[in-house]
Amino acid sequence: RRAMANRTDVLAQNVHGTDPQNLVEHLLRQRIQNSRYWKEHCFGLDAETLIEKAVKIDHIGSTFGGIRKPTPFICLVLKLLQIQPPLDAVIEYVKQDEHKYLRALGAFYTRLVGDPVQVYKVLEPLYNDFRKLAVRSPSGWELSHMDELVDMLLREEFAWELTLPMLPRRRLLESSGKLAPRVSLLAGLAAEDAPRVASGDESGGARAGADTFSERSGGRSAASAASPGRDEDRASAAALADRLLAKQRAAVAAAASAGAAPAEAGDAGRKRGRGASSSDSLSVEEWNKRRAELGMAPLRSGRS
């Protein structure tokens, strides 16, 4: 009975030349089928009733914890592979934008079973979805975004312990005429701002860039990182450098004045002697006057 409950639908067709459930590695598939969520919530589901379970999940991921318990998200992915609903029905999961985890489920399933052209056409519009996603991994909880999930599905070969089917590079499909060149949402903003920049009004482009950044950062405006803030930082750094330089100069001046004080008296005597014809031409009386000014004992005359 257990084997029958885990068997692929008899009407299901092979995907990429194999049973759809084989897209999930054997060890992970065994963990999912032995989990409590699979036995209690995934039995007897179809494409419609599965939606009721999908809208209740609050995180994505593969396995978590020390025993690598499977998440409800990966359990529902395996259930979709088992029952193989029409791909058009799963694409509707992606097109709706009310339930983000249902959209993530549809995107992941489409990446596993869809053909390359279909995968690019369905997933690339989600690059404009910046909503946050909670990811549960063996190392704990992580934060991601819908566009990051899509980028991982389109670029990486492995995702959450699953080996993704090979996906040709987009440029190869473009060169063969199967895909049109992708037009980014930012291209329209650049086209709108080009006349303003040409006329010298660059404020429109700055506002557009700030709006785009605020969508991704949860309301944080790019104006907080504009040049006034950097100018203030530079001004405060310059003021700090000036204060440190002033303290250094004051310390050097204090040390110099302390060392010059004992020699100041002798320097004064020598400075007074400058300009005279010669120090040897002074008489004994003149020397005694200068020595008296310096507090020194008078010289004795050779006559006495």
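Preceding this section is the structure that the text describes.
Report on the accompanying structure.

Calculation criteria
Residues numbered from 1 in each chain as written. Predicted model: local features only at pLDDT ≥ 70, side-chain atom pairs only at ≥ 80, totals over all residues. Heavy atoms only, no water. Helix = DSSP H or I, 4+ residues; strand = E, 2+ residues; numbered from the N terminus. Buried < 20%, exposed > 50% of the residue type's maximum accessible area, 1.4 Å probe, protein only. Contact = heavy atoms within 4.5 Å. Pairing = 2+ DSSP bridges. Salt bridge = Lys/Arg side-chain N within 4 Å of Asp/Glu carboxyl O.

Focus: the overall build of the protein chain
At step 1: Of regular secondary structure, the protein chain possesses 15 helices and six strands.
At step 2: Burial status across the protein chain gives 32% buried among its 304 residues.
At step 3: Looking at the protein chain alone, contacts between residues at least 24 apart form 61% of all its contacts between residues at least 6 apart.

Here's the deal with the pairing of strand 4 (residues 140–145)
At step 1: Here strand 3 (residues 132–137) runs beside strand 4; their pairing, made up of six bridges, is antiparallel. Residue arginine 136 lies in a different strand from strand 4, and its bridge partner there is tryptophan 141.
At step 2: Between strand 3 and strand 4, which follow one another and run antiparallel, lie two residues.

Quick notes on the pattern of salt bridges
At step 1: Summed over all chains, the structure comprises seven salt bridges.
At step 2: When the shortest N-O distance is used, the salt bridge between arginine 36 and glutamate 40 registers 2.7 Å. Note that arginine 36 and glutamate 40 are positioned in helix 3 (residues 36–41) at a spacing of four residues, about one turn of the helix.
At step 3: Of the charged contacts in the structure, one is a salt bridge between aspartate 129 and arginine 103, with a shortest N-O distance of 2.8 Å. Note that aspartate 129 is positioned in the loop between helix 8 (116–123) and strand 3 and arginine 103 in helix 7 (residues 100–113), a separation of 26 residues in sequence.
At step 4: Ionic contacts of the salt-bridge type, sharing partners, join the residues Arg103, Asp129 and Arg131 into one network.

Everything listed here is a matter of coordinates, which is why it stays silent on function.
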